[in-house]
Amino acid sequence: MASYDYDLFVIGAGSGGVRAARVSAAHGARVAIAEEYRVGGTCVIRGCVPKKLLVYGAHFAEDIQDCARFGWHVDGCRFDWATLRDNVLAEVDRLNKAYTDTLESHGVEVILDRATLTGPHGIRLASGREVTAKTILIATGATPHVPGCPGHEHGITSNEAFHLDALPERMLIAGAGYIANEFAGVFNEFGVKVTLINRTDTILRGYDHSLRDRLLDISIKKGIDFRLNADFRGITRNDDGSLTVEMTNHEPAIVDCVMFATGRVPNTGDLGLDAAGVEWDEKGAIRVDDDNRSTCESIYAVGDVTNRIQLTPVAIREGQAFADTVFGGKPHKVDYDNIPSAVFSHPPIASVGLTEAKAREKLGSIKVYQSDFRAMKNVLAGRNERALYKMICDAETDRVVGLHMIGPDAPEILQAAAVAVKAGLTKADFDQTVALHPTMAEELVLLK
Ligand code: NDP
């Protein structure tokens, strides 16, 4: 029988890789994990976590405006980007250490180096060291996609946005997906003049149209300049350091910073996939089966590198399922149905299940219930910003097949309601639940 240096070698210490490594080690496997940048991956180091902290930081701008009608007067109030940035980055450092400690306390060898495949069981580290493993897991995540327009090198991505020396006066964000809308909201609250451009006329493709329309409407009122059907033509740097962005269908924009938020592509370049017979699709994503196994029997992949659903909790579940199946003797598969998601815009969006359009297409006959209301806090604050909750039901069975919300704390509320949708509850089940008054969430059991 062949002997290997490790039972499992994981490439990439992000959400999926860390979970798989830790749980496999707990199941008794000899595990090493290689990471070329920082343990924690996109979510912890330059994604969900620091982004959410910026969202909290940004929201104070509205709280400070709103508090006057609640009797609070905040004199001499000012925002200091460097303080927030440095505190956020310090929190990232703390989490990076905590993740490393967790891996090490489970006996996982952490190798801070780039790893590439040399064959079905072989790995070469950038240091030149060669190791072997019975099983290899690729969890290298994804990286921002930057369109190849002239002058694209003048732009940044969300990776760099967390490290800006100073806030730009004017910022152009390209794309209208998760990252674009979240960062547009954050920078706008900090007082940056934000222009968002997208190649089509649709923001947040995939979300229910009523929520998208509501966010667009509120964001425009908050001062974000949306330019739709605008394809990049090029970026030039001017003598004063500013950037001129040319686009189709609109006048050029002169800004101080351009940020690309035009999707993320699987990190599979120069990984040695060929050497191991691992196949990838036209987007560069590793092809895997339901058990996360690639076209090479000894090599698996989880998370964004497989381009299934690019969400941290999904990568974590895939890592867990891989470890339990391959090393724990408890095989199971990830259930991709009814995965809730959120956009941490201002206000945030949260959603689970089918949109109205998708439900109509899939089920034919549906019922739509909605509540369009102003949160009590917004009413007293004098903030003219309405929330919208929308429930989609199968007309035949009364089963709730989709729940979509935009409004304060929508993601916090939807997480709990998603349990009911996942459990297959009906509109009648929601209606039988007594409202918890006065809350925004009570609208969910009072939908008409
Ligand atoms: P998204 O896929 O959400 O949005 C990409 C945007 O860029 C779309 O508006 C798209 O337009 C546009 N676009 C794509 N390709 C091009 C191109 N070649 N030229 C011009 N425009 C282009 O990607 P993000 O980068 O915002 O986020 C990446 C992923 O990260 C998300 O899909 C999500 O899974 C995850 N994420 C999740 C978050 C959360 O859970 N809150 C937060 C941040 C990221 P069009 O619609 O016309 O294709």
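Let me sum up the structure you'll find in this document. Going along each chain's sequence as written, the residues are numbered from 1 onward. Owing to the predicted nature of the model, reporting of local features is limited to residues with pLDDT of at least 70; listing and counting of side-chain atom pairs is limited to 80 or more, with chain, interface and lining totals taken over all residues. With hydrogens and water stripped out, all remaining heavy atoms of the structure feed into the side-chain values.

To be near a molecule or strand, a residue needs just one of its heavy atoms within 4 Å of it. Of all residues adjacent to the ligand, which total 21 residues, the nearest are Ile 179, Arg 199, Arg 205, Gln 310 and Ala 342. One of the side-chain N or O atoms of Thr 200 is found 3.2 Å from an oxygen atom in the ligand. Between an oxygen atom of the ligand and a side-chain N or O atom of Arg 205, the distance comes to 2.4 Å. For the ligand, whose accessible area on its own is 900 Å², the fraction buried by protein is 79%. Think of it this way: any DSSP run of H or I at least four residues long counts as a helix, any run of E at least two long counts as a strand, and we number them from the N terminus. It is helix H6 (residues 178–189) that contributes the most residues to the shell around the ligand, three residues altogether. Nitrogen and oxygen atoms within 3.5 Å of one another constitute a polar contact, given that in protein one can donate a hydrogen and the other can accept it, and given that sequence-neighbouring residues count only through two side-chain atoms. All accessible areas in this document rest on Shrake-Rupley with a 1.4 Å probe, and a residue is counted as covered only by the protein chains that are shown.

For salt bridges, the criterion is a side-chain nitrogen of Lys or Arg within 4 Å of an Asp or Glu carboxyl oxygen. What the rule picks out here adds up to 27 salt bridges. Among the salt bridges present, the one from Asp 86 reaches Arg 85, with a minimum N-O distance of 2.9 Å. By relative accessible area, which is 14% here, Arg 85 ends up buried. In this structure, Arg 308 engages Glu 318 in a salt bridge whose closest nitrogen and oxygen atoms are separated by 3.2 Å. Linking Arg 308 in the loop between strand S17 (299–301) and helix H9 (312–326) with Glu 318 in helix H9, this pair joins segments that are 10 residues apart in sequence. Since its relative accessible area comes to 29%, Arg 308 is described here as partly exposed. Buried, partly exposed and exposed residues are distinguished by accessible area as a fraction of the type maximum, computed with a 1.4 Å probe on protein chains only: under 20%, between the cut-offs, and over 50%, respectively. For Glu 318, a relative accessible area of 1% translates into the label buried.

This part covers the packing of helix H3 (residues 48–66) against helix H4 (residues 81–105). Helix axes use the C-alpha atoms of the stretch in contact, all axes being lines fitted to C-alpha atoms, and the angles between their N-to-C directions lie in the range 0 to 180 degrees. The interhelical angle for the contact between H3 and H4, taken along N-to-C directions, is 150°, at an axis separation of 10 Å. As for the relative orientation of H3 and H4, their crossing is right-handed in sense. Residues Val 49, Pro 50, Leu 53, Leu 54 and Gly 57 of H3 touch H4, and the partners they reach there are Trp 81, Leu 84, Val 88, Glu 91, Val 92 and Leu 95. The residue classification treats Ala, Val, Leu, Ile, Met, Phe, Trp, Tyr, Cys and Pro as nonpolar and Asp, Glu, Lys and Arg as charged. All others, Gly included, are polar. Tallied by class, residues from the contact of H3 with H4 come to nine nonpolar, one polar and one charged. Helix crossings get a hand from a simple test, with the near helix turned counterclockwise from the far one by less than a right angle marking a left-handed crossing and a clockwise turn marking a right-handed one. A contact between two residues is defined here by any heavy atoms of the two lying within 4.5 Å.

Bringing the packing of aromatic side chains into the picture now. Aromatic rings from Phe, Tyr and Trp, with only the six-membered ring used for Trp, were paired whenever their centres fell within 6.5 Å, and each pair was classed as stacked if the ring planes differed by under 30 degrees, edge-to-face if by over 60, and tilted otherwise. One pass over the structure, following the stated rule, counts 12 aromatic pairs. Consider the rings of Phe 187 and Phe 190, whose centres lie 6.5 Å apart with planes at 75°: the pair is edge-to-face. Considered together, Phe 187 and Phe 190 belong to a single accessibility category, that of buried residues. An aromatic cluster of three or more residues is present, and its members are Phe 79, Trp 81, Phe 162, Phe 183, Phe 187 and Phe 190. Counted as over-ring charges are cases with an Arg CZ or a Lys NZ within 6 Å of the ring centre that also lie within 35 degrees of the ring normal. The side chain of Lys 427 reaches across the aromatic face of Tyr 369, ending 4.5 Å from its centre.

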